[in-house]
Amino acid sequence: MTFEASSSVTLLFDFWAVNGPAGMVLSVLMVCLLTVFYEFMKMWRLWLGSGGPRRRGAYAVPRGFGPPSSPTSDGESISVLGLGRSQSSLAPIQPPGNTPIIANGWLLHCLQTALHVCQVGLGYMLMLCVMSYNVWIFLGVLLGSGLGHFLAYPLIERLITT
């Protein structure tokens, strides 16, 4: 089998039969959008896996409330946390024990699993679109992958760092 540049192809299902240039343009746009969605789903899973919506740990310090620092003789500052366990004490922000974090952890895991299943299913559907051996569909998948990564990657960088 070789790639062909025709404007007639059947994609995935019998009802998605393309028989003209207008249908091919719409199909390429649809495949491109599906691939962009695939890339956003991939970045969303990455964000969820990085702890995006999770609460901070039991000994976390809220932003802006970091430990005080004291200047040294050469002008640099050292943190109180670096002084040792006997010289500073950390009090937990929330009491240890069974908290809603455990339930949220299971909910988060279920959400990640569902996203994984959707991402794998969509990935295989896009692979089958490429397996139609149509050049235009193949280019639509490549364009959508590049565009999706271009749009989603800076967004995920901003979400992870904040």
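Our structure's up above, just so we're on the same page.
Residues numbered from 1 in each chain as written. Predicted model: local features only at pLDDT ≥ 70, side-chain atom pairs only at ≥ 80, totals over all residues. Heavy atoms only, no water.

S.K.: Describe the overall build of the chain, listing the residues and the values that go with them.
M.R.: Secondary structure assignment for the chain yields three helices and four strands. N-terminal to C-terminal, the α/β element order of the chain is β-β-α-β-β-α-α. Residue pairs at least 24 apart in sequence account for 68% of intrachain contacts in the chain once pairs closer than 6 positions are excluded. Entry remark: accessible area of the chain is about 11300 Å², with carbon and sulfur atoms responsible for 68%. (Helix = DSSP H or I, 4+ residues; strand = E, 2+ residues; numbered from the N terminus. Contact = heavy atoms within 4.5 Å. Areas by Shrake-Rupley, 256 points an atom, 1.4 Å probe, with all protein chains shown as cover.)

S.K.: Quick one: what's the story with the nonpolar core, residue by residue and with numbers?
M.R.: Core analysis: the biggest nonpolar cluster contains 17 residues, and Leu-11, Met-24, Val-31 and Ile-137 have the highest contact counts within it. Broken down by secondary-structure element, the contributors of at least two residues to this core are α1 (21-49), α2 (100-130) and α3 (135-161). The element best represented in this core is α2, accounting for six residues. What Ile-137 contacts, discounting residues up to four positions off in sequence, is Leu-11, Met-24, Ser-27, Val-28, Val-31, Cys-129 and Ser-132. (Core = buried A, V, L, I, M, F, W, Y, C linked by side-chain atoms within 4.5 Å. Buried < 20%, exposed > 50% of the residue type's maximum accessible area, 1.4 Å probe, protein only.)

S.K.: Residue-level account of the packing of aromatic side chains, with values.
M.R.: For the structure shown, the criterion picks out three aromatic pairs. Their ring planes at 50° and their centres at 5.2 Å tell us that Phe-3 and Phe-138 sit as a pair that is tilted. Of the two residues, Phe-3 sits in the segment before β1 (9-10) while Phe-138 sits in helix α3, which places them 135 residues apart along the sequence. Exposure remark for Phe-3: the relative accessible area of 42% places this residue in the partly exposed category. The class of Phe-138 is partly exposed, set by a relative accessible area of 29%. Plain terms: the ring middles of Phe-13 and Phe-15 are 5.3 Å apart, the flat faces sit at 5° to each other, and that makes the pair stacked. Since its relative accessible area comes to 41%, Phe-13 is described here as partly exposed. Site record: aromatic cluster; members linked through ring pairs are Phe-3, Tyr-133 and Phe-138. (Phe/Tyr/Trp six-rings, centres within 6.5 Å; stacked < 30°, edge-to-face > 60°.)

S.K.: Could you give an account of α3, naming the residues involved and the relevant values?
M.R.: For α3, with 27 residues, the first-to-last C-alpha span of 39 Å sits near the 39 Å given by 1.5 Å per residue. At Ala-152, α3 shows its largest bend, some 25°, and a proline, Pro-154, comes one to four positions later. If you check which residues of α3 are buried, you get Ile-137, Gly-140, Val-141, Gly-144, Gly-148, Ala-152 and Ile-156. Its side-chain oxygen at 2.9 Å from the backbone nitrogen of Trp-136, Asn-134 defines the N-terminal cap of α3. (Expected span 1.5 Å × (residues − 1). Bend = angle between axes of the 7 residues up to and from the residue. Polar contact = N/O pair within 3.5 Å; in protein donor to acceptor, adjacent residues only side chain to side chain.)

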